[in-house]
Amino acid sequence: MDNLVECHDVYFSRGDTPIYEGVSLHVPRGKVTAIMGPSGCGKTTLLRLIGGQLRANRGQVLFAGQDIGKLNRSALFETRKRMSMLFQSGALFSDLTVFENVAFPLREHTTLPENIIQTVVKMKLESVGLRGAGQLFPQELSGGMARRAALARSIALDPELIMYDEPFAGQDPISMGMLVSLIKSLNETLGLTSIVVSHDIHEVMSIADQVCIMANKTIVAQGSPEELRAHESPLVQQFLSGASDGPVPFHYKASTYHDDLLGVSR
Amino acid sequence: MQFFVNLGRDTLNWLRGVGGASIMLFQALVGKPQPLKMFPLVMRQLYVVGVQSMLIILISGLFIGMVLGLQGYTILVDFGAEQALGPMVALSLLRELGPVVTALLFAGRAGSALTAEIGLMRATEQLSSLEMMAVDPLRRVVAPRFWAGFISMPLLAFMFSAVGIYGGYFVGVQWLGVDEGAFWSVMQSSVDWQHDVMNGFIKSVVFAVVVTWIALYKGYTAAPTSPGISAATTQTVVYSSLAVLGLDFVLTALMFG
Ligand SMILES: Nc1ncnc2c1ncn2[C@@H]1O[C@H](COP(=O)(O)OP(=O)(O)OP(=O)(O)O)[C@@H](O)[C@H]1O
Ligand SMILES: [Mg+2]
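Structural notes, computed from the coordinates.

What counts, and at which threshold
Residues numbered from 1 in each chain as written. Chains lettered and ligands numbered in written order. Predicted model: local features only at pLDDT ≥ 70, side-chain atom pairs only at ≥ 80, totals over all residues. Heavy atoms only, no water. 1 Å grid on protein atoms, 1.4 Å probe; cavity = no way out; pocket = protein on both sides within 12 Å on 5 of 7 lines; lining within 4 Å. Points joined across faces, edges and corners; volume = space filled by probe spheres on them. Helix = DSSP H or I, 4+ residues; strand = E, 2+ residues; numbered from the N terminus. Donors = N, O, S within 2.8 Å, 3.2 Å for Na, K, Ca; no water. Near = heavy atom within 4 Å. Polar contact = N/O pair within 3.5 Å; in protein donor to acceptor, adjacent residues only side chain to side chain. Areas by Shrake-Rupley, 256 points an atom, 1.4 Å probe, with all protein chains shown as cover. Nonpolar A, V, L, I, M, F, W, Y, C, P; charged D, E, K, R; others polar. Pairing = 2+ DSSP bridges. Expected span 1.5 Å × (residues − 1). Buried < 20%, exposed > 50% of the residue type's maximum accessible area, 1.4 Å probe, protein only. Contact = heavy atoms within 4.5 Å. Axes fitted to C-alpha atoms, helices over the stretch in contact; angles between N-to-C directions. Buried area = accessible area lost by both parts, 1.4 Å probe. Salt bridge = Lys/Arg side-chain N within 4 Å of Asp/Glu carboxyl O.

**Topic: the layout of surface pockets**
Of the volumes computed, that of the second largest pocket is approximately 750 Å³. In terms of lining, the second largest pocket is formed by 26 residues, of which the most central are Lys32, Gln34, Val135, Asp136 and Arg139 of chain B. Elements represented by at least two residues in the lining of the second largest pocket include exactly helix H2 (73–80) and helix H3 (98–109) of chain A together with helix H1 (2–29), helix H2 (35–50) and helix H6 (137–175) of chain B.

Below is the structure:
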């Protein structure tokens, strides 16, 4: 099968803290790949490695066969025209209206006439339910609206790869359902490749062709939703069922609670 | 011993900072020129950086000129030399106070705002998202702000001096009764275009580069947190003020020494 993104045995650390120790995964072209894992396990970091904002300490990150970590600045910018990323925080430009935010990539990278830009932007805003909010500034939006506006911006250019970092966070059930079907239909009608980072297991499993579960600095399971539901690893089962007790610790690593409260130093 | 270790480390850090700042400026300014994209961005920043600093510059210039008129008069009148008030006010402003005070005010008014703005863009991932859209934030965000600072500060310094001279005239001639003809004609004959006006202009160009550069670099490298941005803003004002005063001495020694 044809893979748009491949990671081979990637190691990455922040200062002295290792984040990945040998991550390998592949993202098939034209499919929806979901990435799940406990908070803080490095899902956003993975997207940044694919986008070339961070570089792996060891191993390769390939996009369409090119090693992202080895590209120079201008080649990297060329490659990034083919991908887009929805940031966890939305990251709308605060000095532009919602409309201009969505128009921004079009104005930057195309020479489309103004009336076509207007049409495209309205279509994108309509698809996230914000056509009426075009003249608002980002600070006038709610968190969920800002994320939908950012989503409209990230699909403005119909890139080959879209990386969604928690697109459903802060959405009510109606807009959530709408976003789920939007991601699915973008994928089906335009043949885009999508990587979705999300904690909403039910929604993600319903649209994903492939699911990767990250934990303990590596990928613990990768496969179709059915395969994962049938996976024998207790870790995967714990994650999918959302039990707080199991192989995945809920707490960030610390000395024992008892010692900490009694003031015993580590 | 510890002192030397610290000194060495601080020097290395400083050199690393200068290196990083140079690379940043180089990448922002050198490359294929895109005048059509650049022009509206620079115009917008000229408004924010230049026009919005005008009021404080004009008011400060007026007051400093008035103080110069007052102080100059009380000193000169003892020697019966109050005719020299015109050149005294004009030369102090054109050579020193115009460029220097403008740069200090500019650092406080526009430099700190630039740092905070860019630091906040970093903190809210706006810079990252530009990068991911294949738009270089150095060329898109840093470069237009640099040119705006570079263009507006010398103009502001001229306005400062012009208003200051008027303030000196107002106090000296209108209020304290120095002869109006003497005030202007002695000023005209003793201010030299090349020596005084041009040198003052060169100074303010140098200060413009230094202050804007420090402000942009501090914003671009600010830690993306509230304390990080607040520290960066403070550093912009402190470092650029010190740099302006230090460079002013060096430039004065070269030009007039
Ligand atoms: N700028 C940074 N400096 C140092 N460490 C960082 C930085 N950003 C993230 N980390 C660390 O890297 C790890 C992975 O972070 P990342 O943001 O990728 O997690 P995540 O899986 O996206 O979590 P979440 O689901 O909460 O968004 C975290 O443990 C975090 O402490
Ligand atoms: Mg994250």
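**Overview of the coordination of the magnesium ion (ligand 2)**
Looking at the magnesium ion (ligand 2), one finds its protein donor set to be Thr44 of chain A (OG1) and Gln88 of chain A (OE1), positioned 1.9 to 2.4 Å from the metal centre. Separated by 44 residues along the polypeptide, threonine 44 of chain A in helix H1 (residues 43–50) and glutamine 88 of chain A in the loop between strand E6 (83–86) and H3 bring together distant segments of the chain.

**Points about the site of ligand 1**
All names here are of chain A. Every residue lining ligand 1 is accounted for by Arg14, Ile19, Ser39, Gly40, Cys41, Gly42, Lys43, Thr44, Thr45, Gln88, Glu166 and His199. At 2.8 Å from an oxygen atom of ligand 1 is found a main-chain nitrogen or oxygen belonging to glycine 40. The backbone of cysteine 41 places a nitrogen or oxygen atom 3.4 Å from an oxygen atom of ligand 1. Summarising the interface, the protein chains cover 61% of the accessible area of ligand 1, which totals 640 Å² for the free molecule. Here the element with the most residues in the shell around ligand 1 is H1; it accounts for 3 residues. Its residues assigned to classes, the shell around ligand 1 shows 2 nonpolar, 7 polar and 3 charged.

**A short note on empty space enclosed by the protein**
A complete count under the given rule lists 2 cavities of 30 Å³ or more for this structure. Reported here for the largest cavity is a volume of approximately 160 Å³. In this structure, the largest cavity is lined by 15 residues; those nearest its centre are Met83, Ser84 and Ser154 of chain A together with Met132 and Met133 of chain B. If you list the elements that add at least two residues to the lining of the largest cavity, you get E6, H3 and helix H5 (143–154) of chain A together with helix H5 (126–132) of chain B. Looking at the lining of the largest cavity element by element, the count peaks at 3 residues for E6 of chain A. Partitioned by chemical class, the residues of the lining of the largest cavity number 8 nonpolar, 4 polar and 3 charged. In this structure, the second largest cavity occupies an estimated 70 Å³ of space. If you trace the second largest cavity, you find it lined by Leu94, Pro99, Pro154, Ala157, Phe158, Ser161, Asp196, Val197, Gly200, Phe201 and Ser204 of chain B. Elements with a minimum of two residues in the lining of the second largest cavity: helix H4 (85–123), H6 and helix H8 (193–220) of chain B. With 5 residues, the single largest contributor to the lining of the second largest cavity is H8 of chain B.

**Focus on the pairing of strand E1 (residues 3–14) of chain A**
Residue and element names in this part refer to chain A. Sheet analysis places E1 next to strand E2 (residues 17–28), joined by 9 bridges and oriented antiparallel. Of the residues in E2, the one forming a bridge with serine 13 is proline 18. As consecutive antiparallel partners, E1 and E2 are separated by 2 residues, and within that stretch glycine 15 has a phi angle of approximately 60°, a positive value. Here 5 bridges tie E1 to strand E4 (residues 58–63), and the two strands are oriented antiparallel to one another. Note that in E4 the partner of tyrosine 11 across the bridge is arginine 58.

**Focus on H5 of chain A**
Taking 1.5 Å per residue as the helical rise, H5 of chain A with its 12 residues ought to reach 16 Å, and the 17 Å between its terminal C-alpha atoms agrees with that figure. Along H5 of chain A, 10 of the 12 residues are buried, which leaves the element largely enclosed by surrounding structure. Three or more residues of H5 of chain A are buried, namely Gly144, Ala146, Arg147, Arg148, Ala149, Ala150, Leu151, Ala152, Arg153 and Ser154 of chain A. The inward-facing, buried residues of H5 of chain A contact E6, H3, helix H4 (114–127), strand E7 (161–165) and helix H6 (173–190) of chain A together with H5 of chain B.

**Some words on the sheet that holds strand E8 (residues 193–197) of chain A**
Residue and element names in this part refer to chain A. Spatial strand order, E6-E7-E8-E3-E9-E10: 6 strands in an open sheet with mixed pairing. In this open sheet, the two edge strands, each paired with only one partner strand, are E6 and strand E10 (218–223). Between one strand axis and the next, the sheet turns through 15° on average, direction left out of account. Sheet topology note: the E6/E7 ladder contains 4 bridges and is parallel. Its bridge partner lying in E7, leucine 86 is registered against tyrosine 164. Relative to the sheet, H6 contacts strand E3 (32–36), E7 and E8, its axis offset from that of E8 by approximately 160°.

**Re the interface of chain B and chain A**
Counting residues at the interface gives 17 residues for chain B, matched by 23 residues for chain A. Buried area between chain B and chain A, summed over both chains or domains, comes out near 1,900 Å², and the portion from carbon and sulfur atoms is 53%. On the chain B side of the interface with chain A, the three residues burying the most area are Glu125, Met132 and Met133 of chain B, jointly 36% of the side's total. Taken together, chain B and chain A are joined by 5 salt bridges. Between arginine 48 of chain A and glutamate 125 of chain B there is a salt bridge, and its shortest N-O distance comes to 2.4 Å. Summed over the shared surface of chain B and chain A, the result is 12 residue pairs in polar contact (both at pLDDT 80 or more). Mapped by element, the contributors of at least two residues to the side of chain B that touches chain A are H2, H5 and H6 of chain B. A per-element tally of the side of chain B that touches chain A places H5 of chain B first, with 6 residues.

**Points about the sheet that holds E4 of chain A**
Sheet architecture is open: 4 strands sit in the order E2-E1-E4-E5 (chain A), paired in antiparallel fashion. Pairing within the sheet leaves two strands with one partner each, and these edge strands are E2 and strand E5 (66–67) of chain A.

**Details of the pattern of salt bridges**
All names here are of chain A. Within the structure shown, the criterion is met by 20 salt bridges over all chains. For glutamate 160, the salt bridge identified is with arginine 29, shortest N-O distance 3.7 Å. Taken together, the residues span a long stretch of sequence, with glutamate 160 in the loop between H5 and E7 and arginine 29 in the loop between E2 and E3 at a distance of 131 residues. On the accessibility criterion, arginine 29 (37% relative accessible area) is partly exposed. Between arginine 82 and glutamate 160 there is a salt bridge; the shortest N-O distance is 2.7 Å. Of the two residues, arginine 82 sits in the loop between H2 and E6 while glutamate 160 sits in the loop between H5 and E7, which places them 78 residues apart along the sequence. The exposure class of arginine 82 is partly exposed, given its relative accessible area of 30%. You can call glutamate 160 partly exposed: its relative accessible area is 29%.

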